Amino acid sequence: MSKKIEHIMVIGAGQMGAGIAQVAAMSGFTVTLHDVKMAMAEKGIEGIRKRLERDVEKERISESDLARFMRQIQPSDQIGNAEKADLIIEAAVENMEVKKNIFAQLDGVAQKHTVLATNTSSLPITELAAATKRPEKVIGMHFMNPVPVMKLVEVIRGLQTSDATFKTVETVAKAMKKTSVEVNDFPGFVSNRVLMPMINEAIFTVYEGVATPEDVDQVMKLGMNHPMGPLTLADFIGLDTCLYIMEVLHDGFGDDKYRPCPLLRKYVNAGWLGKKSGRGFYTYD
C-alpha cells in the first residue's frame, strides 16, 4: 500500500514552482519550497503571499485562510530536506542534464516510499527515471500556467512508472482540485504536441505574408473561439520556450512537420522573446 502523501517538496521557486507550492498549501499539504539560494525560495514565498493577499481583497479567502496557508510553506536551500517529503515535484529549468542531476540527488536523499515527479512540459520521463534507482516511482506531473488558475494536470507515465505511483499522483491532483489526464511518454505529451505546431503554423502564416499577427489572432479568437490568439499566446509563453519545444518535437519524432518556422528562430536570435523581453509578435511596455 502506498503511503499517504502529507508533505510535498517543490524544487524550483520560479513562477511554476511557486504556483504548485501555493496550490499544495491551499489543499492542506505541508510544503517545502526549495531553490539553490534561500533568497530565491523566499522570493517565491513572497509572491505566493502577494497573490493570496489579492484573493483576500477580492473576498475569495479570509485573512485567517491566508495565515493558515502561509504557515504550511517553508523555504529551503538544502537538498537534504527531501528526506521529509512523501512527494517531490521538480519544477526547475527545462534542461535534461540539470533535471537528471537533481533526480539523482533526490534519489539518494529521499525515503524509499517517496514519489519523484517532474513538471517538465516536453522532456522524456523514461530518460529522467533512468537517472534514479526507483524508476517505478518517477512520473510526470505537468501543471499549466498559471497553476492556481488552470485546472489541468497531465500525468505522464514513463515506461517503468508503476500503477501505484500513478494512482498516488492522481489522488494528489484531485486533492489539489485539478483534473488529471493520463498521458503516455511521447515528445510533447498531448498539450504541447497539439499546441506548439498550431503556434508554429500561425508563425508561418505571418512569415509567408498571408496575414498580420493581429489578423491571425482574430481568426483564431473569433472564428475558432480560442480565448487568446496563438501569437499572443506565444508571446505570453516566451518565444524561446516555443522554439525549444518545437526542437524537442522535431528531434523526438524526426518528422519535418515539426520544423520550427525560420521567423520564430530569427525572433529568438534577436532577443525578441515576447512579453518578458518587451517585444515579440507584439510590443509590450
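These figures come from a predicted structure and were not determined experimentally. (Residues numbered from 1 in each chain as written. Predicted model: local features only at pLDDT ≥ 70, side-chain atom pairs only at ≥ 80, totals over all residues. Heavy atoms only, no water.)

Peer 1: Quick question: what am I supposed to make of the packing of aromatic side chains here?
Peer 2: We describe a pair of aromatic rings using the distance from one ring centre to the other and the angle between the two ring planes. All told, the structure shown has four aromatic pairs when counted by the stated rule. Both rings, one in Tyr267 and one in Trp272, keep their centres 5.0 Å apart while their planes meet at 70 degrees; by these two values the pair is edge-to-face. Ring centres of Tyr267 and Phe281 lie 4.9 Å apart, and the angle between their planes is 35 degrees; this geometry places the pair in the tilted category. Here Tyr267, found in helix H11 (residues 262–269), pairs with Phe281, found in the segment after H11; they are 14 residues apart in sequence, far enough to count as distant. Judged by relative accessible area, Tyr267 falls into the buried class, the value being 15%. Judged by relative accessible area, Phe281 falls into the buried class, the value being 8%. (Phe/Tyr/Trp six-rings, centres within 6.5 Å; stacked < 30°, edge-to-face > 60°. Helix = DSSP H or I, 4+ residues; strand = E, 2+ residues; numbered from the N terminus. Buried < 20%, exposed > 50% of the residue type's maximum accessible area, 1.4 Å probe, protein only.)

Peer 1: Got a minute to help me understand the UniProt feature "site: Important for catalytic activity" (unreviewed entry) in the protein chain in this structure?
Peer 2: Residues annotated by UniProt as "site: Important for catalytic activity" (unreviewed entry) correspond here to His142. Among the secondary structure elements, His142 is positioned in strand S6 (residues 138–143). Note on His142: relative accessible area 6%, which makes it buried. (UniProt positions renumbered as here; feature names shortened; annotations may be inferred.)

Peer 1: In this structure, what is going on with the packing of helix H1 (residues 15–26) against helix H2 (residues 38–57)? I would like to understand it.
Peer 2: The axes of two packed helices give the description: the angle between them and the distance between them. Relative to each other, H1 and H2 sit at 60 degrees, their axes nearing to 9 Å. When the interaxial angle is binned, H1 and H2 end up oblique. Both H1 and H2 take part in a crossing whose hand is right-handed. The residues of H2 that touch H1, namely those facing Ala18, Gly19, Ala21, Gln22 and Met26, are Gly44, Ile48, Arg51 and Leu52. For the contact of H1 with H2, the class distribution of residues is five nonpolar, three polar and one charged. (Axes fitted to C-alpha atoms, helices over the stretch in contact; angles between N-to-C directions. Parallel < 35°, antiparallel > 145°, perpendicular 65-115°, else oblique. Left-handed = near helix turned anticlockwise from the far one by under 90°. Contact = heavy atoms within 4.5 Å. Nonpolar A, V, L, I, M, F, W, Y, C, P; charged D, E, K, R; others polar.)

Peer 1: Is there a simple way to explain the packing of helix H7 (residues 191–207) against H11 in this structure?
Peer 2: For the pair H7 and H11, interaxial distance at closest approach is 8 Å and the crossing angle is 90 degrees. Classified by the interaxial angle, the pair formed by H7 and H11 is roughly perpendicular. Only Pro262, Leu263 and Leu264 of H11 make contact with H7, whose side of the interface consists of Asn200, Ile203, Phe204, Val206 and Tyr207. Broken down by class, the residue content of the contact of H7 with H11 amounts to seven nonpolar, one polar and no charged.

Peer 1: What's the story with the pattern of salt bridges in this structure? I'm lost.
Peer 2: Pairing of side chains with opposite charge becomes possible as their charged atoms draw close. Evaluation of the coordinates by the stated rule reveals 11 salt bridges. For the salt bridge of Lys99 with Glu94, the shortest nitrogen-to-oxygen distance reads 3.5 Å. Of the residues examined, Lys99 reaches a relative accessible area of 1% and is grouped as buried. Classification of Glu94 by relative accessible area gives partly exposed; the value is 23%. One network of salt bridges, with partners in common, ties together Glu90, Glu94 and Lys99. (Salt bridge = Lys/Arg side-chain N within 4 Å of Asp/Glu carboxyl O.)

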